[in-house]
Amino acid sequence: MSLQIAIVGLPNVGKSTLFNALTKNHTAQAENYPFCTIDPNVGVVELPDERLNRLAELVHPEKIIPAIVEFVDVAGLVKGASEGEGLGNQFLAHIRQCNAIAHLVRFFEETDVIHVHESVHPKRDREIIESELLLADLQTLEKRMHKAAGDARSGDKEKKIYYELLEKVNKEMQSGHLAIQIDLNKDEKKLLQDLHLITMKPMIYVVNMDESRVGTANLEEIRCKLEIPESATIIPISAKVEAELIGFSDEEARDYLKTLGLNETGLNRVIKEAFKHLGLQTYFTAGQIEVRAWTIKQGIAAPQAAGVIHTDFEKGFIRAEVISYEDYIECGGEQAAKEKGLMRLEGKEYIVKDGDIIHFRFSN
């Protein structure tokens, strides 16, 4: 399953620095001027999951293959992006192709780093980005509504319902609500899927702070400054610190983070939250050749989970041999779990749980 997270924000808020830290390299330009990134940089990042390492310690496989997330470093958006300012249309298209958004907002005060609006003002900066995303979506809606209005006049009941839904969404978005904030049921969301609305994507607020403040960041204070809902996810980071950690060993990184009052990198939390916001989970396959994490949507049944490995597994699904992660670890491996009767045979209706270790049986 391909999972892409767009890193968005104004120019010079630290997007490329964050991207380089995420991907542990220096491929993205991180210069001190607007639009130093034109084409998006795409980096593949492992999902931090200690469970994978613990399974590998028991199985001793030839390979360990983690779940992955792709981060897309989108060039800085500016006011007027929805009208094409600053190559805005091109950049918005990159965001539209992603599954979720990491909205990077500048809180650091470093005067040597140019701010495109000449001052650090988190709420204003957030509103500029979200307004441009909203305006881009309203343009998409306007085009669709023009066609849907004609279809609705045909007297077709379903087409009339669809047009009324577009009217409802348009009214809410004209009032400044992001699509994801609108009260829609499951069926309504499904009807809107083919519009690929940018503001329907899950959004995480990543706050780029001075290294001296990141360890004591007050989330409520940040929330008030940004003026965002209580339900919104905020992750304080110092992109500068995260970039410095690239060359550190794991032990050196842990020690350095402790001096800043941090237990783990902000980047790990960004990756985990993005995964969670998209309603994803992992199950594992464990054997001598490889121990591997597979990414699936929460709530899917065993045959569909098997299909992530290969479509033949789903088509010819017979059963799933399942051991929970906790039982697998406690027993010290598959054989002991089987001997204790902790391996379950599950059929087509079984809903896969996060952390399940599964062996699929299928017919060719």
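A quick note: this is a predicted structure, and the numbers were derived from the prediction, not measured. (Residues numbered from 1 in each chain as written. Predicted model: local features only at pLDDT ≥ 70, side-chain atom pairs only at ≥ 80, totals over all residues. Heavy atoms only, no water.)

Would you mind showing me how to read the packing of aromatic side chains here?
Note on aromatic pairs: each is described by the distance of the centres and the angle between the planes. Counting across every chain of the model gives 4 aromatic pairs. Considering the side-chain rings of F248 and Y256, the 5.6 Å spacing of their centres and the 50 degrees angle between planes classify their relative orientation as tilted. These aromatic residues form a ring-pair network of at least three members: Y283, F317 and F360. When the ring centre of Y325 is taken as origin, the NZ or CZ atom of R51, which lies over that ring, is 6.0 Å away. Positioned above the aromatic ring of W294 is the side chain of R292, whose terminal nitrogen or guanidinium carbon lies 4.0 Å from the ring centre. (Phe/Tyr/Trp six-rings, centres within 6.5 Å; stacked < 30°, edge-to-face > 60°. Lys NZ or Arg CZ within 6 Å of the ring centre and 35° of its normal.)

Sorry if this is basic, but what is going on with the pairing of strand β6 (residues 203-208) here?
Both faces of the sheet carry side chains from a regular strand, because those side chains alternate between them. The element β6 is extensively covered by neighbouring structure, given that 6 of its 6 residues are classed as buried. Burial along β6 is two-sided: the residues M203, Y205 and V207 and I204, V206 and N208 are all buried. Note: strand β5 (residues 100-106) against β6, 6 bridges, orientation parallel. Bridge pairing in β6 links L104 to V206. Relative to strand β7 (residues 233-237), β6 runs parallel, the two sharing 5 bridges. In the strand pairing of β7, I204 is matched with T233. On the question of chirality, the crossover connecting β6 to the parallel β7 by way of helix α7 (residues 219-226) is right-handed. (Buried < 20%, exposed > 50% of the residue type's maximum accessible area, 1.4 Å probe, protein only. Helix = DSSP H or I, 4+ residues; strand = E, 2+ residues; numbered from the N terminus. Pairing = 2+ DSSP bridges. Right-handed = clockwise from strand over helix to strand, strands pointing away.)

Just checking my understanding: could you explain the sheet that holds strand β1 (residues 4-8) for this structure?
In sheet architecture, strand pairing relies on hydrogen bonds along the backbone and comes in two forms, parallel and antiparallel. Read from one edge to the other, the open sheet built from 6 strands follows the order β2-β4-β1-β5-β6-β7, with strand pairing classed as mixed. On the outer flanks of this sheet lie β2 (41-46) and β7, each paired with one strand and no other. Looking at each pair of strands side by side, their axes are set apart by 25 degrees on average, direction ignored. Pairing between β1 and strand β4 (residues 68-73): 4 bridges, direction parallel. Residue A6 lies in a different strand from β4, and its bridge partner there is V72. Of the strands in this sheet, β1, β5 and β6 are in contact with helix α4 (residues 122-152), which crosses β5 at around 150 degrees. (Axes fitted to C-alpha atoms, helices over the stretch in contact; angles between N-to-C directions. Contact = heavy atoms within 4.5 Å.)

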